[in-house]
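Examination of the molecular architecture
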Amino acid sequence: IDLEWQILLMEAVRKIDEASQRETAAPQKISDGQKVLVIDDSLMLLSFVKEILAEANYHVVTAATAEEGLSAAKRDVPDLVLLDYVLPDMKGDEVSRRLAEDSVTANVRIVYMSGFGADLKPDQDKDANIIGSLNKPFTSELLLKTVEKYMPKGGRKTKSKAPVAAEPAAPQTER
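To keep things clear, this report deals only with the structure shown in the data block. Worth saying up front: this structure is predicted, and the values here are computed from it rather than measured.

1. Observations concerning the packing of aromatic side chains
Using the criterion set out here, one finds 2 aromatic pairs in the structure. With a centroid separation of 6.2 Å and 45° between ring planes, the pair formed by Phe48 and Phe138 is classed as tilted. Taken together, the positions of Phe48 in helix H2 (residues 43–55) and Phe138 in the loop between strand E5 (130–135) and helix H5 (140–150) put the pair 90 residues apart, joining distant regions of the chain. Pair check on accessibility: Phe48 and Phe138 agree, each one buried.

This is the structure:
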């Protein structure tokens, strides 16, 4: 019964969002293909989030288990992770700890998604990568605002690029 209730609620919210989007002005471009990894055991929620974020030009990867999410994050490091706190194979705090311990994913920003969202206060001393939470159920508008708020500005800084100051300056000639 709980699953049917969730599906009906998410579909109703989606229809309301779609109707209000049609009434607003032209959609704004929010992203330039920044990567979002969504880890949640609800396939319906994964589909909903992927569709909304893809329409806003985000590159979205989804995972239904913590292990799948950890593998996906290591394979293609995301700019932001939307992480369900309660997963069948692992709790969100364990996922965030494992991401932080891996040098490849150590600096990835994490936003918890949970029905317990009000109770999940990010503890910056314990988990510096957990930067916020998103209460379930949520609307597409709230999802987009949350991702925009927590997405690193200008994309992720990669270690493979040389600093700009290290590039030799072009010779200047006087006229």
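After that view, the rundown keeps rolling.
2. Points about the packing of H2 against H5
Direction vectors running N to C along H2 and H5 enclose 65°, while the axes themselves pass 10 Å from each other. Classified by the angle between their axes, H2 and H5 sit roughly perpendicular to one another. Both H2 and H5 take part in a crossing whose hand is right-handed. Side by side, H2 and H5 meet where Phe48, Val49, Ile52 and Leu53 of the first sit next to Ser140, Leu143, Leu144 and Val147 of the second. Residue composition of the contact of H2 with H5, by class: 7 nonpolar, 1 polar and no charged.

3. Let's talk about helix H3 (residues 66–75)
Buried within H3 are the following residues: Ala66, Gly69, Leu70, Ala72 and Ala73. Considered in projection along H3, the buried side chains sweep an arc of 165° and stay on one side of the axis. Contacts made by the buried residues of H3 are with strand E1 (35–39), strand E2 (59–63) and helix H4 (92–101).

4. Let's talk about the pattern of salt bridges
The full count for this structure, using the stated rule, is 8 salt bridges. A salt bridge links Glu101 to Arg97, with the shortest nitrogen-to-oxygen separation between them at 2.5 Å. Of this pair, Glu101 and Arg97 both sit in helix H4, 4 residues apart, which is roughly one turn of that helix. Note on Glu101: relative accessible area 55%, which makes it exposed. Judged by its relative accessible area of 34%, Arg97 is partly exposed. A salt bridge links Lys145 to Glu141, with the nearest nitrogen and oxygen atoms 3.0 Å apart. With Lys145 and Glu141 both in helix H5 and 4 residues apart, this pair spans about one turn of that helix.

Analysis parameters
- Residues numbered from 1 in each chain as written.
- Predicted model: local features only at pLDDT ≥ 70, side-chain atom pairs only at ≥ 80, totals over all residues.
- Heavy atoms only, no water.
- Phe/Tyr/Trp six-rings, centres within 6.5 Å; stacked < 30°, edge-to-face > 60°.
- Helix = DSSP H or I, 4+ residues; strand = E, 2+ residues; numbered from the N terminus.
- Buried < 20%, exposed > 50% of the residue type's maximum accessible area, 1.4 Å probe, protein only.
- Axes fitted to C-alpha atoms, helices over the stretch in contact; angles between N-to-C directions.
- Parallel < 35°, antiparallel > 145°, perpendicular 65-115°, else oblique.
- Left-handed = near helix turned anticlockwise from the far one by under 90°.
- Contact = heavy atoms within 4.5 Å.
- Nonpolar A, V, L, I, M, F, W, Y, C, P; charged D, E, K, R; others polar.
- Arc of directions from axis to C-beta.
- Salt bridge = Lys/Arg side-chain N within 4 Å of Asp/Glu carboxyl O.

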